Amino acid sequence: VQLVESGGGLVQPGGSLRLSCAASGFTFSSYTMSWYRQAPGKERELVATISSAGGRTNYADSMKGRFTISRDNAKNTVYLQMNSLKPEDTAVYYCNARSAFYEYSYWGQGTQVTVSS
């Protein structure tokens with residue numbers, strides 16, 4: 001099983017980034033996918049979740065209207081479009097795959113997002 005995040009980097013406040021998470025080694029289309037983030041000295045927090053077929057999404061309140069999660073089951077990839085980025089969005093962003101009955105959970109290695117002028 002592999003989850004490989006990409007797309008992180010340094011961006012100015014107000015800018016945008018698109019993160020990708022490429023999955024392999026499991027039946028991607030059967031898993032709920034999520035993005036989490038962890039800032040220095042803070043606990044990991046949920047950013048957004050998308051259902052296995054992509055029909056349902058949920059966001060943390062602070063990300064609503066700025067972030068969009070999506071997935072392409074044909075490409076085994078989940079995305080996070082981040083707009084209007086703020087310095088407080090600076091964190092390592094992780095991709096998570098969770099099976100339907102929570103019996104399996106997989107994590108990527110994370111990608112650093114830094115929002116700074």
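Residues numbered from 1 in each chain as written. Predicted model: local features only at pLDDT ≥ 70, side-chain atom pairs only at ≥ 80, totals over all residues. Heavy atoms only, no water.

## Concerning the state of the cysteines
When the sulfur atoms of two cysteines share a covalent bond, that bond is a disulfide.
Inference 1: Across all of its chains, the model carries 1 disulfide by this definition.
Inference 2: The side chain of C21 participates in a disulfide bridge whose partner is C95; the two sulfur atoms lie 2.2 Å from each other. Between C21 and C95 the sulfur-sulfur dihedral comes to about -80 degrees; the bridge is accordingly left-handed. Highlighted residues: C21 in strand β3 (residues 17–24) and C95 in strand β9 (residues 91–98), separated in sequence by 74 residues. The pair C21 / C95 is uniform in exposure class, with both members buried. (Disulfide = S-S within 2.5 Å. Helix = DSSP H or I, 4+ residues; strand = E, 2+ residues; numbered from the N terminus. Buried < 20%, exposed > 50% of the residue type's maximum accessible area, 1.4 Å probe, protein only.)

## As for the nonpolar core
Inference 1: M33, W35, V78, L80, M82 and Y93 are the most contacted members of the largest nonpolar core, which has 28 residues in total.
Inference 2: If you list the elements that add at least two residues to this core, you get β3, β4 (32–38), β5 (45–50), β7 (67–72), β8 (77–82), β9 and β11 (111–115).
Inference 3: Those residues in contact with M82, other than ones at most four positions away along the chain, are G15, S16, L17, L19, R66, F67, Y93 and V113. (Core = buried A, V, L, I, M, F, W, Y, C linked by side-chain atoms within 4.5 Å. Contact = heavy atoms within 4.5 Å.)

## Re the packing of aromatic side chains
Inference 1: The tally for this structure, following the rule as stated, stands at 6 aromatic pairs.
Inference 2: Chaining the aromatic ring pairs together yields one cluster made of F26, F28, Y31, Y104 and Y106.
Inference 3: The residue whose ring lies beneath R18 is Y79, and the NZ or CZ to ring-centre distance is 4.0 Å.
Inference 4: The side chain of R44 reaches across the aromatic face of Y94, ending 3.8 Å from its centre. (Phe/Tyr/Trp six-rings, centres within 6.5 Å; stacked < 30°, edge-to-face > 60°. Lys NZ or Arg CZ within 6 Å of the ring centre and 35° of its normal.)

## Quick notes on the pairing of β4
Regular strands place their side chains on alternate faces of the sheet.
Inference 1: Counting buried residues in β4 gives 5 out of 7 residues, a clear majority hidden from the surface.
Inference 2: Taken together, the 5 bridges between β4 and β5 define a ladder with antiparallel strand orientation. Note on β5: the bridge partner recorded for S34 is T49. (Pairing = 2+ DSSP bridges.)

## Observations concerning the environment of V47
Inference 1: As for its placement among the helices and strands, V47 is situated in strand β5.
Inference 2: Note on V47: relative accessible area 0%, which makes it buried.
Inference 3: Separated by 47 residues in sequence, V47 and Y94 have C-alpha atoms that sit 9.4 Å apart.
Inference 4: Apart from residues lying up to four places away in sequence, V47 is in contact with W35, Y36, R37, N58, Y59, A60, M63, F67, L80 and Y93.

## What to know about the pattern of salt bridges
When the charged atoms of two side chains with opposite charge come close together, those side chains can pair.
Inference 1: Under the counting rule described, the total for this entry stands at 4 salt bridges.
Inference 2: R37 is the salt-bridge partner of D89, the closest N and O atoms lying 2.9 Å from each other. A residue pair is termed long-range when its members are at least 10 positions apart, and D89 in the loop between β8 and β9 and R37 in strand β4 qualify at 52 residues. Residues D89 and R37 agree in their burial class; the two are buried. (Salt bridge = Lys/Arg side-chain N within 4 Å of Asp/Glu carboxyl O.)

## Quick notes on the side chain of T111
Inference 1: Among the structural elements, T111 can be located in strand β11.
Inference 2: With residues up to four places along the chain from it excluded, the contact list for T111 reads E5, S6, G7, G8, L19, A91, V92 and Y93.

## Thoughts on the sheet that holds strand β1 (residues 2–6)
Inference 1: Strand order across the open sheet formed by 4 strands is β1-β3-β8-β7, with antiparallel pairing between neighbours. The open sheet has two free edges, formed respectively by β1 and β7, since each of these has just one partner strand. Each neighbouring strand pair of the sheet contributes to a mean axis angle of 15 degrees, computed without reference to strand direction.
Inference 2: Sheet analysis places β1 next to β3, joined by 5 bridges and oriented antiparallel. Across the sheet, V4 pairs through a bridge with A22, a residue of β3. (Axes fitted to C-alpha atoms, helices over the stretch in contact; angles between N-to-C directions.)

Everything listed here is a matter of geometry and, on its own, says nothing about what the molecule does.
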